[in-house]
Amino acid sequence: MTETAYQKCINPDCGAQFDCGQSLFKCPECGELLDILYNWDKIEIQDKMSEFGRRWAGRDNRLDLSGVWRFRELLSFCEDWHKVSIGEGQTILQQNDAVARYVDMEAGRLHLQYEGLNPSGSFKDNGMTAAFSHAKMVGATASACASTGNTSASMALYAHSCGVKCTVFIGSGRIAFGKLSQAMDYGAQTIQILGDFDDCMKQVQDVCTQRGLYLLNSLNPFRLEGQKTIMYRIIEGLNWEVPDWIVVPGGNLGNSSAFGKAFFELKELGLIERIPRMAIINATGADTLTDLVNNKNLAWNNGKVDQAIIDDYYADLTARNFSPHTCASAIEISRPVNLKKCLRTIDICDGIVRAVTDEEIVDAKAIIGRHGLGCEPASAATIAGLKHLRQEGIIGGDERVACVLTGHLLKDPDKTVNYHKDNQGQFSNPPVEAPNDLDEILKLIK
Ligand code: F0G
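Keep in mind that what you see is a predicted model, and the values were worked out from it rather than measured.

## Re the overall build of the protein
No. 1: Secondary structure summary: the protein contains 16 helices and 13 strands in total.
No. 2: Taken against the 2.2 N^0.38 rule, which gives 22 Å for 446 residues, the C-alpha radius of gyration of the protein at 21 Å falls within 12% of a compact globule.
No. 3: Overall, the protein is about 75 × 50 × 45 Å in size when its C-alpha atoms are taken along their principal axes.
No. 4: Counting every position in the protein, which comprises 446 residues, the buried fraction comes to 61%.

Here it is in structure tokens:
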């Protein structure tokens, strides 16, 4: 199996290669991020993407049932018996004209890729199924992650299903209640650190190194292989056509990194003819990517990223004792670990980056909720961002757009209740009090 895939450092000056049998989360030679690369000539791959769709007919096969492993030839790094699945990726691409109207797009052009339908309620399951398969392949028995919530919920679910111990690190008071309840209920050891996500991310790497734990953050390149399939399913939902734009929230930048890699590989394999553009949306309170790309001109530059720009930026954050703040706690991150891979995606997909305010996020969330699919605040950043890009005229009203709704509404019930109950926004829908009296109740029915 090691013949079909290998790990490679993304730094062109290093380019060190490693076997997939190794468990690494950074290049041991230079400390940069690692990619999973494939020897495509050793893998028997479908001639057309539509051939993957045939697997819908074989749903008694657990790998065909999985919306990730249905595309297994495109992430062929381990044998089938290592593959862990709990039925992830049964997600839908919903055309939504009501939300299209809100962002001033023509009917039939806006699609919502609803990843809240995953077993743990977020897109993370796409990555966990892949990373836990690798964990089984290397014989890991204990795992850990830092999380703004969804990674911990997903990891705990998968760890339990394959008998691996798990510890999650979360910033105290920084995680939505739905997610925290999942981590505890699924049996993870939950350690709340008096700090933010970036502090947790730093600690977990040291803990994993010292204790030999298997790391499940998106630094883990195998996780991103699973997340590529979200793009395959969007293409599937468009009857195997590529949209004009993908819009995705940006936090630790694992998704955007995975999506760019997915399109690059599909084009390389001749399975698609063109690569869509991508818009990555930050919250204004956690907008490192936006600032670095739009104001400091940071770019992929064939892999020769100007590290001094990043170092100066982070030194300034430290000097100011900066900690990010947004109602979209899932993307409340100021030192995104996949920054460089995301810059590569921007290069591959002619990508752009924008930041949206909390107010824009919660209003967009209410619109998405009202029109069919509830989501958590970070997911709604996509629609808020799309509204900006329509106003700027960067995305045309007739272009075909797919927004990735990354997490379920019920992940963060507090934000939703407060928005409506306290009349916080233009789409608030507060409950009305009624006496326990039929006539009075009837008077209230609209
Ligand atoms: N949306 C949701 C619902 C998330 O949970 C996350 C990340 C993102 C978007 C951002 O995705 O990191 O790939 O850019 N949540 C992580 C966590 C950080 O710990 O659950 P990204």
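## Structural notes on the pairing of strand S1 (residues 5-9)
Consecutive side chains of a regular strand alternate in pointing toward one face of the sheet and then the other.
No. 1: The element S1 is extensively covered by neighbouring structure, given that 4 of its 5 residues are classed as buried.
No. 2: Where S1 meets strand S2 (residues 17-19), 3 bridges bridge the pair, whose relative direction is antiparallel. Looking across to S2, one finds that Tyr-6 is bridged to Asp-19.

## Comments concerning the packing of helix H13 (residues 358-370) against helix H15 (residues 413-421)
No. 1: It is at 11 Å that the axes of H13 and H15 come closest, and there the two elements cross at 90°. Classified by the angle their axes make, H13 and H15 are roughly perpendicular. Packed against H13, whose contacting residues are Val-362, Asp-363, Lys-365 and Ala-366, the element H15 presents Thr-416, Tyr-419 and His-420 at the interface.
No. 2: Here the contact of H13 with H15 is built from residues that sort into 3 nonpolar, 2 polar and 2 charged.

## Quick notes on empty space enclosed by the protein
No. 1: Counting across every chain of the model gives 2 cavities of 30 Å³ or more.
No. 2: For the largest cavity, the calculated volume is near 310 Å³.
No. 3: Residue lining of the largest cavity: 25 residues in total, with Phe-123, Lys-124, Gly-251, Asn-252 and Ala-330 positioned closest to the centre.
No. 4: Elements represented by at least two residues in the lining of the largest cavity include exactly helix H4 (150-161), helix H7 (221-227) and helix H9 (254-268).
No. 5: Partitioning the lining of the largest cavity into residue classes produces 8 nonpolar, 14 polar and 3 charged.
No. 6: In this structure, the second largest cavity occupies an estimated 30 Å³ of space.
No. 7: Around the second largest cavity sit Gly-250, Gly-251, Leu-253, Asn-282, Ala-286, Asp-287, Thr-288, Leu-289, Ile-333 and Pro-336, which together line it.
No. 8: Taken together, the residues of the lining of the second largest cavity break down into 5 nonpolar, 4 polar and 1 charged.

## Quick look at a nonpolar patch on the surface
No. 1: A grouping of Leu-438, Ile-441, Leu-442 and Ile-445 is seen on the molecular surface, where their side chains present a nonpolar patch of about 410 Å² in accessible area.
No. 2: Position of Ile-441 relative to the elements: it lies in helix H16 (residues 438-444).
No. 3: Take Ile-441: its relative accessible area is 34%, and that puts it in the partly exposed class.

## Digging into the pairing of strand S13 (residues 401-405)
No. 1: Taken across its 5 residues, S13 has 5 buried, putting it largely inside the fold.
No. 2: Note: strand S5 (residues 110-114) against S13, 5 bridges, orientation parallel. Paired with Leu-110 across the bridge in S13 is Val-401.

## Description of the site of the ligand
No. 1: Around the ligand sit 21 residues in total, of which Thr-148, Asn-150, Gly-251, Asn-252 and Thr-406 are the nearest.
No. 2: For the ligand, an oxygen atom lies 2.8 Å from a polar atom in the side chain of Ser-147.
No. 3: A distance of 2.8 Å separates an oxygen atom of the ligand from a polar backbone atom of Thr-151.
No. 4: Assessed atom by atom at 2 Å from the grid points, the ligand resides in the largest cavity.
No. 5: For the shell around the ligand, the secondary-structure elements that each account for two or more residues are H4 and H9.
No. 6: Residues that form the shell around the ligand fall into these classes: 7 nonpolar, 12 polar and 2 charged.

## Quick look at the sheet that holds strand S4 (residues 92-95)
No. 1: With mixed pairing, 6 strands are arranged side by side in an open sheet as S4-S5-S13-S10-S11-S12. Each edge of the open sheet carries a strand with a single partner, namely S4 and strand S12 (352-356). Strand-to-strand twist in this sheet, taken as the mean axis angle between neighbours without regard to direction, amounts to 25°.
No. 2: In the sheet, strand S10 (residues 245-249) pairs with S13 via 3 bridges, with the strands oriented parallel. Directly across from Ile-246, in S13, lies its bridge partner Ala-402.
No. 3: Sitting on the sheet, helix H8 (residues 229-237) is in contact with S4, S5, S10 and S13, with an inclination near 135° to S13.
No. 4: Each of strand S11 (277-283) and S12 touches helix H10 (residues 288-295); the most contacted strand, S12, lies at about 130° to it.

## Let's talk about the layout of surface pockets
No. 1: In this structure, the largest pocket encloses a volume near 580 Å³.
No. 2: Lining the largest pocket are 20 residues, with Lys-26, Tyr-314, Arg-335, Pro-336 and Val-337 positioned closest to its centre.
No. 3: Elements supplying a minimum of two residues to the lining of the largest pocket: helix H6 (197-211), helix H11 (307-319) and helix H12 (339-348).
No. 4: A per-element tally of the lining of the largest pocket places H6 first, with 6 residues.
No. 5: When the residues that make up the lining of the largest pocket are grouped by side-chain class, the tally is 8 nonpolar, 3 polar and 9 charged.
No. 6: Quantified by volume, the second largest pocket comes out at close to 460 Å³.
No. 7: Lining the second largest pocket are 21 residues; nearest its centre among them are Asp-35, Leu-37, Phe-264, Trp-300 and Arg-344.
No. 8: Those elements giving two or more residues to the lining of the second largest pocket turn out to be S1, strand S3 (34-38), H9 and H12.
No. 9: Top element by residues in the lining of the second largest pocket is H9. It accounts for 4 residues.

Conventions adopted
- Residues numbered from 1 in each chain as written.
- Predicted model: local features only at pLDDT ≥ 70, side-chain atom pairs only at ≥ 80, totals over all residues.
- Heavy atoms only, no water.
- Helix = DSSP H or I, 4+ residues; strand = E, 2+ residues; numbered from the N terminus.
- Rg over C-alpha atoms; globule rule 2.2 N^0.38 Å.
- Buried < 20%, exposed > 50% of the residue type's maximum accessible area, 1.4 Å probe, protein only.
- Pairing = 2+ DSSP bridges.
- Axes fitted to C-alpha atoms, helices over the stretch in contact; angles between N-to-C directions.
- Parallel < 35°, antiparallel > 145°, perpendicular 65-115°, else oblique.
- Contact = heavy atoms within 4.5 Å.
- Nonpolar A, V, L, I, M, F, W, Y, C, P; charged D, E, K, R; others polar.
- 1 Å grid on protein atoms, 1.4 Å probe; cavity = no way out; pocket = protein on both sides within 12 Å on 5 of 7 lines; lining within 4 Å.
- Points joined across faces, edges and corners; volume = space filled by probe spheres on them.
- Patch = residues over 30% accessible without salt bridge, like charges linked within 9 Å, V, L, I, M, F, W, Y side chains within 5 Å.
- Areas by Shrake-Rupley, 256 points an atom, 1.4 Å probe, with all protein chains shown as cover.
- Salt bridge = Lys/Arg side-chain N within 4 Å of Asp/Glu carboxyl O.
- Near = heavy atom within 4 Å.
- Polar contact = N/O pair within 3.5 Å; in protein donor to acceptor, adjacent residues only side chain to side chain.
- Sits in = over half its atoms within 2 Å of the grid points.

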